[in-house]
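Breakdown of the fold
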Amino acid sequence: MNFIIGIIGLFITLFLAWIASNNKTKIRIRPIIVMMIIQFLLGFLLLRTSAGNWLIKGIANGFGELLTFAGQGVDFVFGGLVNNNQMSFFMSVLLPIIFISALIGILQHWRILPIMISGIGYVLSKINGMGKLESYNGVASAILGQSEVFISVKRQLGTLPPHRLYTLCASAMSTVSMSIVGSYMVLVKPEYVVTAIVLNLFGGFIIASIINPYRVLPEEDAIKIEENEKKQSFFEVLGEYIMDGFKVAFTVAAMLIGFVAIIAMINAIFNSLFGITFQEILGYIFAPFAFLMGIPWRSAVDAGSIMATKLVTNEFVAMTNLSQGHFHFSERTNAIVSVFLVSFANFSSIGIIAGAVKSLNAEKGNVVARFGLKLVYGATLVSFLTAIIVGLIF
């Protein structure tokens with residue numbers, strides 16, 4: 001039964017993307033089918049094979065070591081502020097972002113990341129039927145982040161037509177930044193984080209190929225990666241990325257304080273007026289979607305509440321709700337909900353992406369703002385697609 005519901009959910013997700021398509025006659029079926037087959041194969045490899053388990057365990061252990069190193073820096077500055085055997089979300093989850101960001105800066109300075117991103121992007125362009133720039137951007141977004149990625153392609157932003165700009169922004173919203181992956185792994189299981197990142201990469205291209213189909217002419221298919229005009233020293237780059245990580249950590253902290261407090265207030269108001277919290281109402285609204293993802297109806301309302309929380313706030317708020325243990329989900333339901341949460345598909349991302357583009361090109365930033373809701377729509381469908389595939393595999 002779960003398999004049949006999952007297949008129905010899969011077709012409904014693709015149908016919802018088709019409804020929003022800019023040009024239904026230009027949709028190319030073959031690349032979409034190929035990428036969906038790759039999604040199923042990679043998902044099965046990561047979740048159901050010993051090789052995949054070994055790979056994920058290695059990645060999790062690697063990030064675990066990095067978080068241990070980060071913890072030493074955090075303890076040196078903030079040691080003693082937290083009681084023994086107690087966890088501080090800010091210190092254990094957010095502050096390690098600074099250290100991971102510093103590592104990304106080192107790999108960027110040594111040209112390891114640009115070569116890796118360009119190589120993977122070139123291979124992807126042969127699979128997804130899109131341009132090299134779109135493929136590069138999809139990989140770069142998963143490493144550099146949804147705002148920083150546009151800096152690397154700013155030389156081409158001014159010449160990009162709206163349809164290509166949409167694909168770039170959709171990729172940025174469908175993925176997550178490598179600098180905060182370690183933080184996610186503190187809240188949800190590493191195997192679900194890794195699986196979601198891999199599947200979302202292809203899912204972003206699948207949904208974009210349906211919503212926003214086009215062909216890139218050979219003369220337009222080029223990548224101009226931005227290089228710093230002023231050659232920076234190793235320690236200049238290191239300091240810059242450390243401060244970037246610091247800004248990200250404190251920005252996320254500020255957003256969490258605001259969003260969690262606002263949700264608590266709204267829940268209290270709704271509960272006093274209607275006898276039901278706002279999140280419970282959202283849960284009932286999203287329950288049918290959760291059910292189509294393969295979640296049993298008895299858990300669909302709770303799962304829908306977490307999914308809706310992610311959409312209207314951000315993934316950290318939703319992951320925190322999931323990790324607190326208030327919901328008694330089966331392992332399969334936990335897997336489906338977890339992979340759904342691993343992306344930047346939420347309303348606040350519209351402002352982040354539009355602001356990032358506008359800081360580099362004001363005209364293109366306005367273009368992004370105009371199709372902001374369609375970005376969230378497409379990126380949310382990517383999360384649905386990934387969650388449904390995981391539900392079919394699990």
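Procedures and definitions
- Residues numbered from 1 in each chain as written.
- Predicted model: local features only at pLDDT ≥ 70, side-chain atom pairs only at ≥ 80, totals over all residues.
- Heavy atoms only, no water.
- UniProt positions renumbered as here; feature names shortened; annotations may be inferred.
- Axes fitted to C-alpha atoms, helices over the stretch in contact; angles between N-to-C directions.
- Helix = DSSP H or I, 4+ residues; strand = E, 2+ residues; numbered from the N terminus.
- Parallel < 35°, antiparallel > 145°, perpendicular 65-115°, else oblique.
- Left-handed = near helix turned anticlockwise from the far one by under 90°.
- Contact = heavy atoms within 4.5 Å.
- Nonpolar A, V, L, I, M, F, W, Y, C, P; charged D, E, K, R; others polar.
- 1 Å grid on protein atoms, 1.4 Å probe; cavity = no way out; pocket = protein on both sides within 12 Å on 5 of 7 lines; lining within 4 Å.
- Points joined across faces, edges and corners; volume = space filled by probe spheres on them.
- Expected span 1.5 Å × (residues − 1).
- Buried < 20%, exposed > 50% of the residue type's maximum accessible area, 1.4 Å probe, protein only.
- Salt bridge = Lys/Arg side-chain N within 4 Å of Asp/Glu carboxyl O.
- Phe/Tyr/Trp six-rings, centres within 6.5 Å; stacked < 30°, edge-to-face > 60°.
- Lys NZ or Arg CZ within 6 Å of the ring centre and 35° of its normal.

Named according to an unreviewed UniProt entry, the protein chain is NupC/NupG family nucleoside CNT transporter originating from Terrilactibacillus tamarindi. Under the UniProt heading Sequence similarities (unreviewed entry), the entry covering the protein chain gives this text: "Belongs to the concentrative nucleoside transporter (CNT) (TC 2.A.41) family."

1. Re the packing of helix α3 (residues 50-78) against helix α5 (residues 96-109)
Between α3 and α5, the shortest axis-to-axis distance is 8 Å and the interhelical angle comes to 115°. Taken together, the axes of α3 and α5 are roughly perpendicular relative to one another. Judged by the sense of rotation from one axis to the other, the crossing of α3 with α5 is right-handed. Taken together, the residues of α5 that come into contact with α3 (itself represented by L66, L67, F69 and A70) are P96, F99, I100 and L103. Its residues assigned to classes, the contact of α3 with α5 comprises eight nonpolar, no polar and no charged.

2. Re the UniProt feature "domain: Nucleoside transporter/FeoB GTPase Gate" (unreviewed entry) in the protein chain
Feature annotation in UniProt assigns "domain: Nucleoside transporter/FeoB GTPase Gate" (unreviewed entry) to the following positions: residues 91-189. Segment residues 91-189 splits into 77% helix and 0% strand. End C-alpha atoms: 19 Å apart.

3. Some remarks on the UniProt feature "transmembrane region" (unreviewed entry) in the protein chain
Taking the UniProt record as the reference, the feature "transmembrane region" (unreviewed entry) is found at residues 29-47, 87-107, 165-186, 192-211, 248-270, 276-297, 335-355 and 375-393. End-to-end, the C-alpha atoms of residues 276-297 are 19 Å apart, and along that stretch the chain is 73% helix and 0% strand.

4. Some words on empty space enclosed by the protein
Under the defined criterion, the tally for this structure stands at four cavities of 30 Å³ or more. Computed from the structure, the largest cavity encloses a volume of approximately 90 Å³. Looking at the largest cavity, the residues that line it are K26, I27, R28, P31, I32, N128, M130, S209, N212, P213 and Y214. Size it by volume and the second largest cavity reaches roughly 70 Å³. Around the second largest cavity sit G9, I12, T13, L16, F289, L292, M293, L381, F384 and I388, which together line it. Elements that contribute at least two residues to the lining of the second largest cavity include exactly α1 (2-19), α14 (278-292) and α20 (372-393). If you tally residues by element for the lining of the second largest cavity, the top one is α1, at four residues.

5. Section: the environment of F250
Here F250 shows up in helix α13 (residues 234-274). Put simply, F250 and R48 are 202 residues apart on the chain and 37 Å apart in space, counted from C-alpha to C-alpha. Beyond its immediate stretch of four places on either side in the chain, F250 contacts F90 and L95.

6. A short note on α5
With 14 residues, α5 extends 20 Å from end C-alpha to end C-alpha; this agrees with the ideal 20 Å at 1.5 Å per step. The set of residues buried in α5 consists of P96, I97, I98, I100, S101, A102, I104, G105 and I106. Residues of α5 that are buried make contact with α3, α4 (89-94), α6 (112-128), α7 (132-144), α11 (181-187) and α13. Immediately downstream of α5, the backbone of R111 shows phi near 65°, a positive value.

7. Quick word on the pattern of salt bridges
Pairing between side chains of opposite charge can happen when their charged atoms approach one another. Under the defined criterion, the tally for this structure stands at two salt bridges. Of the charged contacts in the structure, one is a salt bridge between E134 and R164, with a shortest N-O distance of 2.6 Å. Of this pair, E134 sits in helix α7 while R164 sits in helix α10 (residues 162-174), placing them 30 residues apart in sequence. Notably, a salt bridge pairs E331 with K189, separated by 3.0 Å at the nearest N-O pair.

8. Notes on the packing of aromatic side chains
Per the counting criterion, the structure on display carries 15 aromatic pairs. With 5.3 Å between their ring centres and 50° between their planes, Y184 and F316 make a pair best called tilted. Highlighted residues: Y184 in helix α11 and F316 in helix α16 (residues 315-323), separated in sequence by 132 residues. As far as the burial class goes, Y184 and F316 line up, both buried. Following the ring pairs from residue to residue traces out a cluster consisting of F286, F289, F340 and F384. Above the face of the W18 ring, K24 is positioned so that its terminal group lies 5.1 Å from the ring centre. Looking at K310, its charged tip hangs above the ring of F340, at a distance of 5.1 Å from the centre.

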